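Here is what each chain is made of, one letter per residue.
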Amino acid sequence: MRRSRRIFEEYQSENFNPDERYNLAYKRVKRIKGFYVHAMVYVLVNIFIVYGNFFGNSNKDYDFWSWQTFSTALFWGIGLLAHGLSVFGRNIFFGQNWEERKIKEFMEKEKREKWE
């Protein structure tokens, strides 16, 4: 978290080299593109697996709604979710500048308690 904040602050500063800005933006775009490719492969492979299990099995006793049919989608989906959170969700739970707001809140609280 501190590394990303430092990079963001450097990005906002005036002495930040435009080439470095381009490199940061390029890396971010590559990470987003990597996630979208991962999601597309996930959808295509799992459609193929489900389609193969539904239409490709001639066994009348075969249960389509079994664990074997959807286990790949479940576990790969967990990995895809983790990948998505690493790309998009860095501040999903705490939001931007959460630490600074909390520090100010605690300082104000201590200041009020000190004077009371």
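In what follows, the accompanying structure is described.

Calculation notes
- Numbering of residues starts from 1 in each chain and follows the order in which that chain's sequence is written.
- Local features in a predicted model are, by the rule used here, given only for residues with pLDDT of at least 70; side-chain atom pairs are given and counted only at 80 or more, and totals for whole chains, interfaces and linings are based on all residues.
- Working from all heavy atoms in the structure, the side-chain values ignore hydrogens and water.
- Secondary structure follows DSSP: runs of H or I at least 4 residues long count as helices, runs of E at least 2 residues long count as strands, and numbering of each begins at the N terminus.
- Burial classification: accessible surface area is computed with a 1.4 Å probe over protein chains only, and a residue below 20% of its type maximum counts as buried, one above 50% as exposed, and the rest as partly exposed.
- Only the protein chains shown count as cover for residues, with accessible areas throughout obtained via the Shrake-Rupley method and a probe of 1.4 Å.
- Only the stretch in contact is used when fitting a helix axis, every axis being a line fitted to C-alpha atoms; angles between N-to-C directions are given from 0 to 180 degrees.
- Each angle is binned into one of four classes, with values under 35 degrees roughly parallel, values over 145 roughly antiparallel, values of 65 to 115 roughly perpendicular, and all other values oblique.
- Under the grouping applied here, Gly and all other residues not named as nonpolar or charged are polar, the nonpolar ones being Ala, Val, Leu, Ile, Met, Phe, Trp, Tyr, Cys and Pro and the charged ones Asp, Glu, Lys and Arg.
- Helix span, as expected, comes to 1.5 Å for every residue beyond the first.
- Take the buried residues of types Ala, Val, Leu, Ile, Met, Phe, Trp, Tyr and Cys, join any two whose side-chain atoms come within 4.5 Å, and each joined set is a nonpolar core.
- We call two residues in contact whenever any of their non-hydrogen atoms come within 4.5 Å of each other.
- Aromatic contacts are taken between Phe, Tyr and Trp rings whose centres are within 6.5 Å, Trp giving its six-membered ring; a plane angle under 30 degrees counts as stacked, one over 60 as edge-to-face, and the others as tilted.

**Focus: the overall build of the protein chain**
- Tallying secondary structure elements over the protein chain gives four helices and zero strands in all.
- Expressed as a percentage of the 116 residues in the protein chain, the buried residues total 15%.
- When the accessible surface of the protein chain is split by element, carbon and sulfur atoms take 61% of a total near 10,200 Å².

**Focus on the environment of Leu85**
- Residue placement: Leu85 occurs in helix 3 (residues 67–88).
- With 50 residues separating them in the primary sequence, Leu85 and Phe35 have C-alpha atoms 9.9 Å apart.

**With respect to the packing of helix 2 (residues 18–55) against helix 3**
- One can describe the packing of helix 2 onto helix 3 by two numbers: an axis separation of 10 Å at closest approach and a directional angle of 170°. Here helix 3 runs roughly antiparallel to helix 2, going by the angle between their axes.
- Looking at the contact of helix 2 with helix 3 residue by residue, the class counts come to 15 nonpolar, twelve polar and two charged.

**Structural notes on helix 2**
- The first and last C-alpha atoms of helix 2 sit 55 Å apart over 38 residues, in line with the 56 Å expected at 1.5 Å per residue.
- Those residues of helix 2 that sit buried are Phe35, Ala39, Tyr42 and Asn46.

**A few points about the nonpolar core**
- In this structure, Phe35, Ala39, Tyr42, Ala73, Leu80 and Val87 together form the largest nonpolar core, which totals six residues.
- Elements with a minimum of two residues in this core: helix 2 and helix 3.
- Non-local contacts of Tyr42, meaning those with residues more than four positions away in its chain, are made with Ala73, Trp76, Gly77 and Leu80.

**Here's the deal with the packing of aromatic side chains**
- Per the counting criterion, the structure on display carries eight aromatic pairs.
- Three or more aromatic residues link up through ring pairs in this structure, and these residues are Phe35, Tyr36 and Phe88.

**A few points about helix 3**
- Taking 1.5 Å per residue, 22 residues should reach 32 Å; helix 3 reaches 30 Å between its end C-alpha atoms and fits that length.
- Where helix 3 is buried, its residues touch helix 2.

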